[in-house]
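Observations on the three-dimensional arrangement
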Amino acid sequence: MAEYPTMRVALKLNGHQLQFEVEPRTLLVELIRENAGLTGTHVGCDTSYCGACTVVVDGRSAKSCTVLALQADGAEVTTVEGLETPDGLHVLQQSFAENHALQCGFCTPGFLMSALALLSVNADPDEAAIRKAFSGNTCRCTGYLPIIAAVKAAAVKLKETVQ
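Only a predicted model underlies this, so the values are computations on that prediction, with no experimental measurement involved. (Residues numbered from 1 in each chain as written. Predicted model: local features only at pLDDT ≥ 70, side-chain atom pairs only at ≥ 80, totals over all residues. Heavy atoms only, no water.)

1. Quick look at the nonpolar core
Ranked by size, the top nonpolar core spans 24 residues in total, and within it Leu92, Phe96, Phe111, Phe134, Ile147 and Val151 carry the most contacts. Among the elements of the structure, helix H2 (91-98), helix H3 (108-121) and helix H5 (145-162) are those that each provide at least two residues to this core. In terms of residue count, the dominant contributor to this core is H3 (seven residues). If near-sequence neighbours (up to four positions away) are discounted, Phe111 is found in contact with Phe96, Phe134, Asn137, Thr138, Cys139, Tyr144 and Ile147. Formed by 17 residues, the second largest nonpolar core is a distinct cluster that contains Phe20, Leu31, Leu38 and Ala69. (Core = buried A, V, L, I, M, F, W, Y, C linked by side-chain atoms within 4.5 Å. Buried < 20%, exposed > 50% of the residue type's maximum accessible area, 1.4 Å probe, protein only. Helix = DSSP H or I, 4+ residues; strand = E, 2+ residues; numbered from the N terminus. Contact = heavy atoms within 4.5 Å.)

In structure tokens, the structure reads:
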């Protein structure tokens, strides 16, 4: 099998400026999981359907299984591991737990990252906005209603911390 040349990718990952040598065909999800060792971003379907691999790239949610690592060169990437605060869990993570918005947990990182991107542009989303933000995420356990409730609750808590 032919070897591919490697190329350097520099990005800010969860607040840390990092560089990696990757083959041009390397997907962002592979860089995150294999090169950076952050396994919270899941590979669920290999077709970009499920959204378990969702991360935030420059403030927007992105399915990392559809993005080449080279496309993230110079970008700021946040994974579920980047949500943790010095005080512990992020408000979204707390809200998911309090609202029973997870069961098996496999899809949860993708939903959390989609919610983070949504709340960064819409501090008070209604159900329609939340459903639209989650249109690329699939959960087979919760039925979505607890996830929507968790995002609404997190939005309220985040507004309270700003005031």
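2. With respect to the environment of Thr26
Mapped onto the elements, Thr26 comes out in the loop between strand S2 (16-22) and helix H1 (28-35). Residue class for Thr26 comes out buried when judged on its relative accessible area of 11%. Sequence separation between Thr26 and Pro86 is 60 residues; the distance between their C-alpha atoms is 32 Å. Discounting chain neighbours no more than four positions away, the residues touching Thr26 are Leu31, Leu68 and Ala69.

3. Focus on the pattern of salt bridges
Taken as a whole, this structure holds five salt bridges when the rule is applied. One salt bridge in this structure joins Glu98 and Lys157, with 2.4 Å as the shortest N-O distance. Taken as a pair, Glu98 in helix H2 and Lys157 in helix H5 lie far apart in primary sequence, 59 residues in all. (Salt bridge = Lys/Arg side-chain N within 4 Å of Asp/Glu carboxyl O.)

4. Focus on H1
Among the residues of H1, those classed as buried are Leu28, Val29, Leu31 and Ile32. Considered in projection along H1, the buried side chains sweep an arc of 165° and stay on one side of the axis. Among the structural elements, strand S1 (7-13), S2, strand S3 (54-57) and strand S5 (76-78) are those in contact with the buried residues of H1. Phi turns positive, to about 75°, at Gly37, one or two residues after H1. (Arc of directions from axis to C-beta.)

5. Quick look at the state of the cysteines
Enumeration over the complete set of coordinates arrives at zero disulfides. Take Cys104: it sits in no disulfide, and the sulfur closest to it among the cysteines is that of Cys141, at 3.9 Å. Classification of Cys104 as exposed rests on a relative accessible area of 56%. Residue Cys107 stays outside any disulfide, its sulfur separated by 3.7 Å from that of Cys139, the closest cysteine. A residue is classified by how much of its surface remains accessible, and Cys107, at 13% relative accessible area, is buried. (Disulfide = S-S within 2.5 Å.)

6. Some thoughts on the packing of H2 against H3
The N-to-C vectors of H2 and H3 enclose an angle of 125°; their axes lie 10 Å apart at closest approach. Comparing the axis directions of H2 and H3 gives the class oblique. For the pair H2 and H3, the crossing hand works out as right-handed. In contact with Leu92, Gln93 and Phe96 of H2, H3 contributes Thr108, Phe111, Leu112, Ala115, Leu116 and Leu119. A per-class count over the contact of H2 with H3 returns seven nonpolar, two polar and no charged. (Axes fitted to C-alpha atoms, helices over the stretch in contact; angles between N-to-C directions. Parallel < 35°, antiparallel > 145°, perpendicular 65-115°, else oblique. Left-handed = near helix turned anticlockwise from the far one by under 90°. Nonpolar A, V, L, I, M, F, W, Y, C, P; charged D, E, K, R; others polar.)

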